[in-house]
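# Results of the structural survey
The primary structure of each chain is shown beneath.
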Amino acid sequence: MSVRVRFAPSNTGYLHLGGARTALFNYLFARHHDGDFLLRVEDTDQERSQEKYTDAILDAHEWLGMEPDEDVVFQSDRMDLYREKAEDLIESGDAYRDYSTEEEIEEARKEAFASGDKTAHTRLWRDRDDEPEDRDSVVRIKAPLEGSLTVEDHVQGEVTVDAEELDDFVILRSDGTPTYNFCVVVDDADMDITHVIRGKDHLNNTFRQLYVYDALGYEPPEFGHLPLISGLSKRKGSRSVQEYREDGYIREGLVNYLARLGWAHGDQELFSRDELVELFGLDGVNASSGEFDEDKLQWFNAEWLKKLEADELAERWATYLHKRDFEVELDERLVDITEVMRARGQTLGEMTEESDYFFKDEIERNEDDVEEWLTPDILEMFEELIEVLADLDDWDRGDIDTTIRDLCDRHGEGLGAIAQPVRVATTGGTSSPGLFETLAMLGRPRALNRLNEGLEIIRSRTE
RNA sequence: GGCCCGUUGGUCUAGGGGUUAGGACACCGGCCUCUCACGCCGGCGACACGGGUUCGAAUCCCGUACGGGCUGCCA
C-alpha cells in the first residue's frame, strides 16, 4: 500500500512555524516515499473556525511549495459521516448515550480523583439502559477496562498506557457534533491515511484513538509524534508564515530551517528541496523538543539568498519591493543590484533597507556622516571628481574605477581620501557596496546629481 | 494531583559502551579591504544530578530534579 499522509490544521488561527514544520515533515515523508500528501481542515469548532484562516493556511502551503495532492477535505462537510459512524457504534454496543448533567459529572470527577479511579466519572451511564426524555445526552465510547495499550511510535519509541488511564470520552456532543478524537479516526481511516505524523501534544490522544479504531473495525495507521517547538508561543514565534514572508524570508531558507529543527542528517546543514525529499525519514527526527532561534533562521535564509540564481532572486525581490511600494523595474540594473546586495542582508527586507538609495529619487543624509566626511579639505578633489565623471563616455564600473583612481593618484592620495565623502554624498551614509559599482548602479544622472548636492554641502561649510 | 514524553555548549544538533565529545548558529579575536557586509582563519563553550551494571558509561538500568504534553461536550 502506498504512503498517504495528511496535515490536519484547525482553521482557528494562522499557520505558524510549528504547524508549518508539521506540514513540511508530512510533505517530505510523502514525497520521499512517492506517496500522497493531503490537507484536511479541522473546522468542527463552530465558535472559532474562520474562513480567512483557511485561506491563509492554503496560501502558506502554496508559498512554501507544499500543495496537497488531492482536494482539501473539510470536516464540516462530513458531519453526516461522523454521526453515522457514531450510530453504528451505539448499535454495536461500543458506544452509549450518557444523560448525566454537568453537575453530576463534576461531582463524580471529584470522587473519582479522590478514590484513585481517574476515569470513573466518564462511565456514569456505561451500564445503564434507561433513556430519560427530559435530558440531553452525549455519546461516549466504551474504553477498555483492563489491560494496556501500546503504540509503536516512529519517533518516540514504544509507549504504553494502562487501561485505568483510559476514559469513556465523548464522541458526539449534545448538539450532535462530533469531537476531535472521534473525527480524526473516522477521517484518517476514510482517507486511507497510512502514517499519522503530528505534534507530540497528541501522543496521549493516540491511545484514545486506538480504541476508536478498534471499535470501528479499522486497522490503525503508523504513528510518528514530532517534538514540539518551544519559544514559539511568545511574541515572535506565534507569528504566521505570512509575516515571515513579509519580513523578506524566502521559502528555501524557511523550509531549510524548519527541516533542521528536530531533524538531522549527520552534520549537514544546507539542504535543497530535492535533498530533503531524498534524505528525509522519521528515523532522523529527534524525540526531544527544540527552541525557535531567529538568528539561525536568518542564517539559513542568507545562505539561500546567496545560492539562488541572480535572475530568480531579482524577480522575487522585485515582487517584494513592489509590495513595499518601491517603484522598480525588473531589469538588468536590478539584477546587478541584487547580485551585490544578496550578501549584504539576510532577508529581502534587510536587502531593501540597505539599498533604498538605489530606488529613491531623494535621499536623506546622515547628519553625523555629513559632518565627518563632507569637509572643506576635500573641496578641490570633489570638484575635480565631478568634472571627470561628467566627462566619461560610458558610465560603467570599469571606467569609473580608473577615473577615480587616476584622480587620487594625481592628488597623491589613496582611494580612502575620497571614498567615504562620495558615499555620504551619493548614498547618504558610510556603508554601501564597492564605490565604483555603487556609482555605476546608481546611474549617471542620479550619481552626478547627488555628488553636486554633496559639493554644495562642502562649499557651504567653507564659508 | 495522576499519567505520558523528553534532558549533549546560550541555541540547533552528530555521536548510542573505550572519541582530544564532531559540526552549525550566536558571541569574541584576526585576516581581507575604499566603508559596511561577504569570505577565510582562530577562540570561548556541553554530555542535568545521584546511584547502579561494567575492566570501562555521554552512551545501558533505576531514582531525583527540571522542562513539556495530556487529564474538556477545544483541536
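Just so it is clear, the model here is predicted, and its values are computed rather than measured.

Reading guide: rules and limits
Throughout this description, residue numbers start from 1 for each chain and increase along the sequence as written. To read the labels, note that chains go from A and ligands from 1, taken in the order they are written. Restriction of local features to residues with pLDDT of at least 70 applies here, the model being predicted, together with a cutoff of 80 or more for giving and counting side-chain atom pairs; totals for whole chains, interfaces and linings are based on all residues. Computation of side-chain values covers all heavy atoms of the structure but excludes hydrogens and water. We call a residue near a molecule or strand as soon as one heavy atom of that residue lies within 4 Å of the molecule or strand. Definition of a polar contact: a pair of N or O atoms within 3.5 Å, with one able to donate and the other able to accept a hydrogen when the atoms are protein atoms, and with sequence-neighbouring residues admitted only if both atoms are side-chain atoms. Helix and strand assignments come from DSSP, with helices taken as H or I runs of at least 4 residues and strands as E runs of at least 2, each series counted from the N terminus. Under the scheme applied, nonpolar residues are Ala, Val, Leu, Ile, Met, Phe, Trp, Tyr, Cys and Pro; charged residues are Asp, Glu, Lys and Arg; polar residues are all the others, including Gly. One requirement defines pairing of two strands: DSSP has to find at least two bridges between them. To obtain each axis, a line is fitted to C-alpha atoms, and for helices this fit is confined to the stretch in contact; angles are then taken between N-to-C directions over 0 to 180 degrees. A domain assignment, automatic or from a database, supplies the domain bounds used here. By definition in these notes, contact holds between two residues if any of their heavy atoms fall within 4.5 Å. Pairing of aromatic rings covers Phe, Tyr and the six-membered ring of Trp, with a centre-to-centre limit of 6.5 Å; geometry is then stacked below 30 degrees between planes, edge-to-face above 60, and tilted otherwise. Relative accessibility under 20% of the residue-type maximum defines a buried residue, over 50% an exposed one, and the middle range a partly exposed one, all with a 1.4 Å probe and only protein chains included.

Taken together, 59 residues sit near RNA strand B, with Arg173, Gly262, Asp267, Arg344 and Ser432 positioned nearest. Near the protein, meaning within 4 Å, the atoms of RNA strand B are sugar or phosphate in a fraction of 68%, with bases accounting for the rest. Take Glu165: an N or O atom from its side chain is 3.5 Å from a sugar or linking oxygen of RNA strand B. With respect to RNA strand B, the side chain of Lys306 contributes an N or O atom lying 2.9 Å from a sugar or linking oxygen. For the surface near RNA strand B, the secondary structure elements donating two or more residues are α4 (102-115), β5 (138-141), β7 (157-162), α6 (203-216), β12 (290-291), α10 (294-307) and α17 (416-427). In terms of residues, the surface near RNA strand B owes the most to one element, α10, which gives five residues. The residue inventory of the surface near RNA strand B, partitioned by class, reads 17 nonpolar, 20 polar and 22 charged.

Here the focus is the sheet that holds β5. Reading across the sheet, the three strands line up as β4-β5-β8 and stay open at both edges, with antiparallel pairing between neighbours. Looking at strand neighbours, the two that pair on one side only are β4 (95-98) and β8 (170-172), the edges of this open sheet. Averaged over all pairs of adjacent strands, the angle between strand axes in this sheet comes to 45°, irrespective of strand direction. Both β5 and β8 contribute to a ladder of two bridges, which runs antiparallel. Looking across to β8, one finds that Val139 is bridged to Leu172.

This brings us to the domain arrangement of chain A. According to the domain assignment, chain A consists of domain 1 (78-226) and domain 2 (367-460). Its C-alpha centre places domain 1 at a distance of 75 Å from the equivalent point of domain 2.

If you walk across this open sheet you meet the three strands as β1-β2-β3, and the pairing is parallel. Each having just a single partner strand, β1 (4-7) and β3 (73-74) make up the two edges of the open sheet. Pairing between strand β2 (residues 36-41) and β3: two bridges, direction parallel. Within β3, the position partnered with Arg40 by the bridge is Val73. The sheet strands contacting helix α1 (residues 17-32) are β1 and β2, and the helix crosses β1 at an angle near 165°.

All right, on to the packing of aromatic side chains then. As enumerated under the stated definition, the model contains 16 aromatic pairs in all. Ring geometry for Phe25 against Phe280: centres 5.0 Å apart, planes inclined by 55°, an arrangement best described as tilted. On the criterion of sequence distance, the pair formed by Phe25 in helix α1 and Phe280 in the loop between α9 (273-279) and β12 is long-range, its members being 255 residues apart. Judged by relative accessible area, Phe25 falls into the buried class, the value being 0%. A relative accessible area of 1% places Phe280 in the buried class. Considering the side-chain rings of Tyr27 and Phe37, the 5.8 Å spacing of their centres and the 85° angle between planes classify their relative orientation as edge-to-face. Here Tyr27, found in helix α1, pairs with Phe37, found in strand β2; they are 10 residues apart in sequence, far enough to count as distant. Of the two residues examined, Tyr27 and Phe37, each falls in the buried class.

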